[in-house]
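Each chain, written out:
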Amino acid sequence: MNPEGESIPVALGLGSNLGESRRNLQLAASFLESVVHELRLSSFIVTAPIQCRSGAPSFLNAAAVGRTSLPPHALLDACQAIEMKMGRPGNRARDVELYGDRVIDIDILLYGGLSLADKRLILPHPHLRERRFVLAPLAELAPEWRIPPHGETVAEALARVG
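What you see is a predicted model, and the numbers here were worked out from it, not measured in a lab.

(A) Region of interest: the packing of helix α3 (residues 132-141) against helix α4 (residues 154-161). Closest axis-to-axis distance for the α3/α4 pair is 9 Å, and the angle between their directions is 140°. As summarised for this structure, α3 and α4 are arranged oblique, according to the angle between their axes. With respect to the hand of their crossing, α3 and α4 are arranged in left-handed fashion. Residues Arg 132, Leu 135, Ala 136, Leu 138 and Ala 139 of α3 touch α4, and the partners they reach there are Val 154, Ala 157, Leu 158 and Val 161. Here the contact of α3 with α4 is composed, by residue class, of 8 nonpolar, no polar and 1 charged.

(B) Local environment of the nonpolar core. Within the largest apolar cluster, 28 residues are counted, with the highest numbers of intra-cluster contacts made by Leu 12, Leu 32, Leu 75 and Ile 108. Those elements giving two or more residues to this core turn out to be β1 (8-16), α1 (21-32), β4 (59-68), α2 (72-85) and β5 (105-111). Dropping the residues within four chain positions of it, Leu 75 is found in contact with Val 10, Leu 12, Val 35, Val 36, Thr 68, Leu 70, Ile 108 and Tyr 111. Counting residues in each nonpolar core, the second largest holds 17 residues, with Val 134, Ala 139, Ile 147 and Ala 157 among its members.

(C) Local environment of the packing of aromatic side chains. All told, the structure shown has 0 aromatic pairs when counted by the stated rule. Sitting over the ring of Phe 31, Lys 85 keeps its end group 4.1 Å from the ring centre.

The rules behind the values
- Residues numbered from 1 in each chain as written.
- Predicted model: local features only at pLDDT ≥ 70, side-chain atom pairs only at ≥ 80, totals over all residues.
- Heavy atoms only, no water.
- Axes fitted to C-alpha atoms, helices over the stretch in contact; angles between N-to-C directions.
- Helix = DSSP H or I, 4+ residues; strand = E, 2+ residues; numbered from the N terminus.
- Parallel < 35°, antiparallel > 145°, perpendicular 65-115°, else oblique.
- Left-handed = near helix turned anticlockwise from the far one by under 90°.
- Contact = heavy atoms within 4.5 Å.
- Nonpolar A, V, L, I, M, F, W, Y, C, P; charged D, E, K, R; others polar.
- Core = buried A, V, L, I, M, F, W, Y, C linked by side-chain atoms within 4.5 Å.
- Buried < 20%, exposed > 50% of the residue type's maximum accessible area, 1.4 Å probe, protein only.
- Phe/Tyr/Trp six-rings, centres within 6.5 Å; stacked < 30°, edge-to-face > 60°.
- Lys NZ or Arg CZ within 6 Å of the ring centre and 35° of its normal.

Here's what the structure looks like:
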């Protein structure tokens, strides 16, 4: 999937609604720079929580793009290690709410043009095409990135979501 030494473009989604969310996103981005080179971070957008408890704080969301030499599952492990380092529970499956409050959430949105689905990872991210709060910051950085398997660009997906 990633021949040794090959640098693959990646897109990540970041979100936070606990603590100092702006600082949390900036800190996560700084940690990501150890595994994602040439990292660029989008503007931050505030979004209402979806599928969360009533009265949950708003989320601050951003996208990051860069290049990595890590294979997809190793990148996932690195993202989850950063989440744990920043205070997210170690087992995502044990999160009280699937879409609940969190200090940090880091999702792999795109890994080059790879399509993948296994027990640990689905690429592209399964909800990428549905979520304006993910597409808008990503379009700021990479509007022409084609989303596999159909090849729709990020900008086209954003326009469709409205």
